[in-house]
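Now for the letters of each chain:
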Amino acid sequence: MRGIFAAGVLDVFLEERFEPFDLAIGSSAGACNLASHLAGQHGRNRRCYMTQMRRPEFSDGRRFLRGGHWFDIDYLWDAFAREDPLDAEAAAANRTKLIVAATAVETGAPAYFEPRAAEMHEVLRASSAVPLLYRRFVELDGATFTDGGVAAPIPVDEAYRRGARRVVVIRSRPAEFPGPSRLECAAVAATLREHPRLAEAFRRYREVYARASTFVRQPPRDCTIIHVAPEAPFRTTRMTRDLKALEADYARGRVAGMRAIRTWRESAAMPPGTRV
């Protein structure tokens, strides 16, 4: 649900016709936000957070205790398809290339997909399949995948590897967030003993997150990074359903989006290696 902030940022980008990017790369909710954005579906992300994602059919802790999904991704994707479908054709046809990160269950390593329209929904489902809270994995091309945020929580290094040198990083956490606790990572890893490489990825998760955060704070000398992150007080948590909190953090995203556009335009005169 913290992705509501990015929904505000990206809606402002559409309104301002701010489209300078060659590449858009994201994982989990971030990838889903980007897909709607590249499809030109202004307001769709906001509607999804405010409507389908607030329903108990999607998120239910009591169902989890009975052995079901806490986050029922299958219900959510069906609800999206019925009520507010993603225009996958438009997203795939955008001149900005969409890269979706997922985590390979067998290896625990990040996998990066450039989905065509026909496979867009399943790739996004795989990237969003939060382990443990969603009790199964998603199969793509004969392999199984889970939440891209495990192995690629902030995939800025992959953007750089692919040639990006002016980068906008949109976060769903305040800039000072250090990453999940070691206890949280160890607890999830313990539930994944049947998948040892994925369990190991969870044990490394805090380190991977910290390394990505350091990249954002201290980019290479030839790279300029514009960092867009929510400021305190950020009210939305992973499971927030409160409309007022969601509306407030969507509005914060809109303000941050306008600031990012101004900074991007000013950054043309900044030396490489700048983080703003």
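A brief structural summary. Numbering of residues begins from 1 in every chain and follows the order in which that chain's sequence is written. Local features in a predicted model are, by the rule used here, given only for residues with pLDDT of at least 70; side-chain atom pairs are given and counted only at 80 or more, and totals for whole chains, interfaces and linings are based on all residues. Only hydrogens and water are set aside; all other atoms, that is, all heavy atoms of the structure, feed into the side-chain values.

1. Some thoughts on the packing of aromatic side chains
So, point 1. Pairing of aromatic side chains requires ring centres within 6.5 Å, counting the rings of Phe and Tyr and the six-membered ring of Trp. Pairs whose planes differ by under 30 degrees are stacked, by over 60 edge-to-face, and all others tilted. Using the criterion set out here, one finds 14 aromatic pairs in the structure.
So, point 2. An angle of 90 degrees between the planes, with centres 6.1 Å apart, marks the rings of Phe5 and Phe234 as edge-to-face. Taken together, the positions of Phe5 in helix H1 (residues 4-15) and Phe234 in the loop between strand S7 (224-228) and helix H13 (243-267) put the pair 229 residues apart, joining distant regions of the chain. Each member of the pair, Phe5 as well as Phe234, carries the same accessibility label: buried.
So, point 3. Ring geometry for Phe58 versus Phe71: centroids 5.3 Å apart, planes at 20 degrees, classification stacked. Note that Phe58 is positioned in the loop between helix H3 (44-50) and helix H4 (61-65) and Phe71 in the loop between H4 and helix H5 (73-83), a separation of 13 residues in sequence.
So, point 4. Relative accessible area serves as the criterion here: at 6%, Phe58 is assigned to the buried category.
So, point 5. Each residue in the set Phe13, Phe18, Phe21 and Trp264 is aromatic and connected to the rest through ring pairs, giving one cluster.
So, point 6. Either the NZ atom of lysine or the CZ atom of arginine qualifies as a charge over a ring when it sits within 6 Å of the ring centre and within 35 degrees of the ring normal. The ring of Tyr160 carries Arg165 above its face, with NZ or CZ at 3.7 Å from the centroid.
So, point 7. We note Arg166 situated over the ring of Trp264; from NZ or CZ to the ring centre the distance is 4.1 Å. Numbered from the N terminus, helices here are DSSP runs of H or I no shorter than four residues, and strands are runs of E no shorter than two. Relative accessibility under 20% of the residue-type maximum defines a buried residue, over 50% an exposed one, and the middle range a partly exposed one, all with a 1.4 Å probe and only protein chains included.

2. Description of the side chain of Ser267
So, point 1. As for its position among the elements, Ser267 is in helix H13.
So, point 2. Note on Ser267: relative accessible area 3%, which makes it buried.
So, point 3. In the analysis that follows, any N or O atom pair within 3.5 Å is treated as a polar contact, provided that within protein one partner can donate a hydrogen and the other can accept it, and provided that, for residues neighboring in sequence, both atoms belong to side chains. Separated by 2.6 Å, the side chains of Ser267 and Arg166 make a polar contact.

3. A word on the pattern of salt bridges
So, point 1. The salt bridge definition used is simple: a Lys or Arg side-chain nitrogen within 4 Å of an Asp or Glu carboxyl oxygen. Scanning all chains against the criterion turns up 21 salt bridges.
So, point 2. A salt bridge links Asp74 to Arg125; the nearest nitrogen and oxygen atoms lie 2.7 Å apart. Taken together, the positions of Asp74 in helix H5 and Arg125 in helix H7 (residues 120-128) put the pair 51 residues apart, joining distant regions of the chain.
So, point 3. One salt bridge connects Glu200 with Arg203, and the closest N-O pair in it is separated by 3.1 Å. Here Glu200 pairs with Arg203, and both are found in helix H11 (residues 196-203), just 3 residues apart, close to one helical turn.
So, point 4. A relative accessible area of 32% means that Glu200 is categorised as partly exposed.
So, point 5. When its relative accessible area of 48% is taken as the criterion, Arg203 is described as partly exposed.
So, point 6. Overlapping salt bridges, with partners in common, bring together Lys97, Glu114, Glu158, Arg161 and Arg162 in one network.

4. Considerations on unusual backbone geometry
So, point 1. With an omega of -5 degrees, the peptide bond running from Ala232 to Pro233 counts as cis.
So, point 2. If you trace the backbone, Pro233 turns up in the loop between S7 and H13.
So, point 3. The backbone of Leu132 shows a phi angle near 75 degrees, a positive value even though the residue is not glycine.
So, point 4. Mapping Leu132 onto the fold places it in the loop between H7 and strand S4 (138-140).

Read these as layout, nothing more, since geometry by itself doesn't imply function.
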